[in-house]
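# Reading the structure
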Amino acid sequence: MSASESRATQAGQDEVDRIVAAWLRERPDLDVSPLAVLSRVTRLARHLDLQRRSAFARHDLETWEFDVLSALRRAGAPYRLSPGALLTQTLVTSGTMTNRIDRLVEHGLVERLPSPDDRRGVLVQLTDAGRARVDAAFSDLLDVERGLLEGLPAAEREQLAALLRALVAPFDAS
């Protein structure tokens with residue numbers, strides 16, 4: 001924590017409070033109240049991204065690699081999905097997914113198998129090495145994220161999760 005963050009916390013204010021106050025001073029004609037919520041979400045997302053990247057790096061994984069491997073792991077045994085299902089879960093284009101699968105195959109973390117239902121189709125399956133890697137990274141990630149939330153009582157975590165769910169729901173519906 002930097003000295004300015006420490007002073008802000010002690011004063012009951014954070015950087016977002018200072019940003020909102022400055023905008024209120026400079027643009028009193030505007031309702032800047034969304035900044036009080038969404039600027040904090042943005043700042044939190046940046047901090048979380050750094051923590052996640054660090055947790056994945058300890059397991060020699062990039063964030064995108066973890067995303068694909070964890071989608072396969074969550075599918076349950078035999079840990080395989082079609083490239084289309086992976087697209088849906090990871091929100092990337094088909095060209096991007098093809099590139100990602102190629103790289104994961106090169107690293108021995110997944111393999112391509114012929115689809116039993118479609119002679120032209122393929123399935124992507126997690127290898128034993130991929131499963132071990134994603135399991136270890138996921139365990140580490142949970143430890144990191146648990147630590148990030150330890151300052152909030154369980155009831156507040158549940159409340160925050162519900163509020164964020166309501167905020168994210170319209171994006172997930174589209």
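Residues numbered from 1 in each chain as written. Predicted model: local features only at pLDDT ≥ 70, side-chain atom pairs only at ≥ 80, totals over all residues. Heavy atoms only, no water.

## With respect to the packing of helix α4 (residues 63-74) against helix α6 (residues 94-106)
Counted only if it meets this: A fitted line through C-alpha atoms represents every axis, and for helices the fit uses only the stretch in contact; the resulting angles, taken between N-to-C directions, go from 0 to 180 degrees. Working definition: helices are DSSP H or I runs of at least four residues, strands are E runs of at least two. Numbering for both runs from the N terminus. Throughout, the term roughly parallel applies to angles under 35 degrees, roughly antiparallel to angles over 145, roughly perpendicular to angles from 65 to 115, and oblique to all others. A contact between two residues is defined here by any heavy atoms of the two lying within 4.5 Å. For this scheme, ten residues count as nonpolar: Ala, Val, Leu, Ile, Met, Phe, Trp, Tyr, Cys and Pro. Four count as charged, namely Asp, Glu, Lys and Arg, and the remainder, Gly too, count as polar.
The contact between α4 and α6 brings their axes to 11 Å, and the two run at 90 degrees. By the angle between their directions, the pair α4 and α6 is classed as roughly perpendicular. Residues Trp64, Glu65, Val68 and Leu69 of α4 touch α6, and the partners they reach there are Met97, Arg100, Arg103 and Leu104. Counted by class, the contact of α4 with α6 contains five nonpolar, no polar and three charged residues.

## Concerning the environment of leucine 48
Relative to the elements of secondary structure, leucine 48 occurs in helix α3 (residues 33-57). Once the C-alpha coordinates of leucine 48 and glutamate 145 are considered, the two residues, 97 residues apart in sequence, prove to be 8.2 Å apart.

## A short note on the nonpolar core
Selection rule: Working definition of a nonpolar core: buried Ala, Val, Leu, Ile, Met, Phe, Trp, Tyr and Cys residues. They are joined through side-chain atoms within 4.5 Å. Only protein chains enter the accessibility calculation, which uses a 1.4 Å probe; a residue whose area is less than 20% of its type maximum is buried, one above 50% is exposed, and one in between is partly exposed.
Counting residues in each nonpolar core, the largest one holds 21 residues, and the members touching the most others are Leu69, Leu72 and Leu86. Those elements that provide at least two residues to this core are α4, α6, β3 (122-126) and α7 (128-149). Top element by residues in this core is α4. It accounts for six residues. Not counting residues within four places of it along the chain, the set of residues in contact with leucine 86 comprises Val68, Ala71, Leu72, Leu81, Met97, Ile101 and Val124.

## A closer look at unusual backbone geometry
Cis peptide bonds are those with omega within 30 degrees of zero, and the linkage from alanine 77 to proline 78 qualifies with 10 degrees. Among the secondary structure elements, proline 78 is positioned in the loop between α4 and β1 (80-81). The backbone of aspartate 60 shows a phi angle near 55 degrees, a positive value even though the residue is not glycine. The residue aspartate 60 is located in the loop between α3 and α4 in this model. Judged by relative accessible area, which is 60%, aspartate 60 ranks as exposed.

## Quick notes on the pairing of β3
What counts here: Only strands joined by at least two bridges in the DSSP assignment are considered to pair.
Within β3, four of the five residues are buried, which leaves it mostly tucked inside the rest of the structure. Where β1 and β3 come together, two bridges link them in antiparallel fashion. When the bridges of β3 are listed, arginine 80 appears paired with glutamine 125. The sheet contact formed by strand β2 (residues 110-114) and β3 spans five bridges and is antiparallel. Bridged to glutamate 111 within β3 is glutamine 125.

Geometric descriptors of this kind do not, in isolation, establish any biological role.
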